[in-house]
Amino acid sequence: KSKVFLILEYINGGELFTHLRKAGRFTNVVGMYYGAEIATALNYLHSMRTVYRDLKPENLLIVGNTGHIKITDFGFAKFIENRTWTLCGTPEYLAPEIIQNKGHSFGVE
């Protein structure tokens, strides 16, 4: 009665962060591929009026058998109509709009 359990899909490819640290840097082709995957996912979220606000390599998982990206950890995600003023996210990855507390929208991704 006092516990909540989350059961999530197993993603066997690991975090993008781990692959980037191991490689040092990605080739242009690999970088463009992952960039396109991330942009597609964020475009979908934005079409649903959702701002993610915690984009970082640690929150991007790679599906091992296909190489596709899956976004995880929606703890800071928020449905917005226009703008929001909440200060949240991982400090190293915060957009200037969030730090300045002038209100932000989908551009913070």
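Residues numbered from 1 in each chain as written. Predicted model: local features only at pLDDT ≥ 70, side-chain atom pairs only at ≥ 80, totals over all residues. Heavy atoms only, no water.

### Brief notes about the side chain of H104
Inference 1: Inspection of the secondary structure puts H104 in the segment after α3 (96-99).
Inference 2: Residue classification places H104 among the buried positions, given a relative accessible area of 3%.
Inference 3: In this view, H104 contacts R53, I80, N82, R83, T84, W85, T86, E97 and I98; residues no more than four positions away in its chain are not counted. (Helix = DSSP H or I, 4+ residues; strand = E, 2+ residues; numbered from the N terminus. Buried < 20%, exposed > 50% of the residue type's maximum accessible area, 1.4 Å probe, protein only. Contact = heavy atoms within 4.5 Å.)

### So, unusual backbone geometry
In terms of backbone geometry, most residues other than glycine have negative phi values and most peptide bonds are trans.
Inference 1: A positive phi is found at R53, a non-glycine position, where the angle reads about 70°.
Inference 2: By the element assignment, R53 lies in the loop between β1 (50-51) and β2 (60-62).
Inference 3: Assessed through its relative accessible area of 8%, R53 is described here as buried.
Inference 4: A positive phi angle is found at D73, which is not glycine, with a value near 60°.
Inference 5: Tracing the backbone shows D73 in the loop between β3 (69-71) and β4 (78-79).

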